[in-house]
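So the chains spell out like this:
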Amino acid sequence: MLLLISPDGVDEALDCAKAAEHLDIVDVKKPDEGSLGANYPWVIREIRAAVPADKPVSATVGDVPYKPGTVAQAALGAAVSGATYIKVGLYGCATPEQAVEVMRGVVRAVKDHRADAFVVASGYADAHRIGCVNPLALPDIARRSGSDAAMLDTAVKDGTRLFDHVPPDMCAEFVRRAHDAGLLAALAGSVKTGDLGELARIETDIVGVRGAVCERGDRTTGRIRPHLVAAFRAEMDRHVREHAAVAVQS
């Protein structure tokens, strides 16, 4: 599994750089603007400059409305600013067809600029609370739009978590559908160390966290700390090794 960490600014990105050996992707977001809140272009540029060159930078485009042209321009802005992973939260898309239309525009805008960019169609485990597309529709939306990965997060940050809304067996189905479509599967949403065993079991490709590596576990007022990143990664790797060992034995 790959570990994606989401600093909220340059200072936290510098702390991520201190823990670079323990993470795989640095994700730029603005937590006070939502689950997948978009940060400023200059912040993306500064974070790209602050972290090691071999660590890809991801940027969220926002919890977007159903406005395909607007979202395509925003996604291109993130790519031009230095992000190689572009994540789009399909917040305002009520149907799979709307979501596919938005993501097709993003894929074209981003990949016309940089063919090796990685586009992530992101949905929400708690979709029922905001009226957007069903979580299990995301892998097919990503496939139809030409995206590279399907992701689930939580839209409402009220202390509930990924598995509170989409239980592990349903997450496993999400991962299976993504893999069957030739996509990577990413899961996030107040993920804690206690969830890592299940995430390893269902063979998630990318785990996204913020609160779990912040002081006091607080994604909004806490700050990312390198030692917490290192501890989370160690626990994640332990579960991956244990799952691999069980798979070999069976």
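Located above this text is the structure these notes cover.
Residues numbered from 1 in each chain as written. Predicted model: local features only at pLDDT ≥ 70, side-chain atom pairs only at ≥ 80, totals over all residues. Heavy atoms only, no water.

Between helix H3 (residues 68-80) and helix H4 (residues 96-113), whose axes approach to 8 Å, the crossing angle comes to 30 degrees. Helix-helix and strand crossings are classified by hand; for H3 and H4 the assignment is right-handed. Here Pro-68, Val-71, Ala-72, Ala-75, Leu-76, Ala-79 and Val-80 of H3 lie close against H4, whose contacting residues are Glu-101, Val-102, Gly-105, Val-106, Ala-109, Val-110 and His-113. In terms of residue class, the contact of H3 with H4 is built from eleven nonpolar, two polar and one charged. (Axes fitted to C-alpha atoms, helices over the stretch in contact; angles between N-to-C directions. Helix = DSSP H or I, 4+ residues; strand = E, 2+ residues; numbered from the N terminus. Left-handed = near helix turned anticlockwise from the far one by under 90°. Contact = heavy atoms within 4.5 Å. Nonpolar A, V, L, I, M, F, W, Y, C, P; charged D, E, K, R; others polar.)

Turning next to the packing of H4 against helix H5 (residues 138-145). For any two helices packed against each other, the geometry comes down to the angle between their axes and how far apart the axes lie. Interaxial distance between H4 and H5 falls to 8 Å at its minimum, and their mutual angle equals 45 degrees. As judged from the angle between their axes, H4 and H5 are oblique. In this structure, H4 crosses over H5, and the sense of that crossing is right-handed. Along its contact with H4, which presents Pro-96, Glu-97, Ala-99, Val-100, Met-103, Arg-104 and Val-107, the element H5 presents Ile-141, Arg-144 and Ser-145. Partitioned by chemical class, the residues of the contact of H4 with H5 number six nonpolar, one polar and three charged. (Parallel < 35°, antiparallel > 145°, perpendicular 65-115°, else oblique.)

Quick look at the pairing of strand S7 (residues 184-187) now. One ladder, built from four bridges, connects strand S6 (residues 149-153) with S7; its direction is parallel. If you follow Met-151 over to S7, its bridge partner there is Ala-186. Pairing of S7 with strand S8 (residues 206-209) involves two bridges; the strand directions are parallel. Following the sheet pairing, Leu-187 is matched in S8 by Val-207. In terms of handedness, the path from S7 via helix H8 (residues 196-201) over to S8 forms a crossover that is right-handed. (Pairing = 2+ DSSP bridges. Right-handed = clockwise from strand over helix to strand, strands pointing away.)

What follows concerns the nonpolar core. Core analysis: the largest hydrophobic core is formed by 66 residues, its most contacted members being Ile-5, Val-88, Leu-90, Phe-174 and Leu-187. Looking at this core element by element, the count peaks at seven residues for H4. When near neighbours in sequence (up to four residues on either side) are disregarded, Phe-174 contacts Pro-135, Leu-136, Leu-138, Pro-139, Ala-150, Met-151, Leu-152, Ala-185, Ala-186 and Leu-187. Ile-25, Tyr-85, Met-151 and Ile-206 belong to the second largest nonpolar core, which has ten residues in total. (Core = buried A, V, L, I, M, F, W, Y, C linked by side-chain atoms within 4.5 Å. Buried < 20%, exposed > 50% of the residue type's maximum accessible area, 1.4 Å probe, protein only.)

Turning our attention to helix H2 (residues 41-50). Listing the buried residues of H2 in full gives Val-43, Ile-44 and Ile-47. Mapping the buried residues of H2 onto a view down its axis gives an arc of 100 degrees, with all of them on the same face. Where H2 is buried, its residues meet helix H1 (10-18), strand S2 (25-28), strand S3 (57-63) and H3. (Arc of directions from axis to C-beta.)

For the largest pocket, the calculated volume is near 320 Å³. Forming the boundary of the largest pocket are 23 residues, of which Lys-157, Gly-189, Ser-190, Gly-211 and Arg-219 lie nearest the centre. Elements with a minimum of two residues in the lining of the largest pocket: S6 and S8. (1 Å grid on protein atoms, 1.4 Å probe; cavity = no way out; pocket = protein on both sides within 12 Å on 5 of 7 lines; lining within 4 Å. Points joined across faces, edges and corners; volume = space filled by probe spheres on them.)

Below, the discussion takes up the environment of Val-209. You can see Val-209 is positioned in strand S8. Between the alpha carbons of Val-209 and Asp-153 there is a distance of 9.9 Å; along the sequence they are 56 residues apart. Val-209 has contacts with Leu-3, Leu-4, Ile-5, Ser-6, Val-191 and Phe-232, leaving out every residue within four places of it along the chain.

Okay, helix H7 (residues 168-180) next. When the terminal C-alpha atoms of H7 are compared, their 18 Å separation across 13 residues agrees well with the 18 Å that a helix rising 1.5 Å per residue should span. Those residues of H7 that fall on the buried side of the exposure criterion are Cys-171, Phe-174, Val-175 and Ala-178. Take H7 and look down its axis: the buried residues cluster within an arc of 95 degrees, on one side only. For H7, the exposed residues set more than 90 degrees away from the buried face come down to Asp-169 and Asp-180. Following H7 by one or two positions, Gly-182 adopts a phi angle in the positive range, close to 75 degrees. (Expected span 1.5 Å × (residues − 1).)

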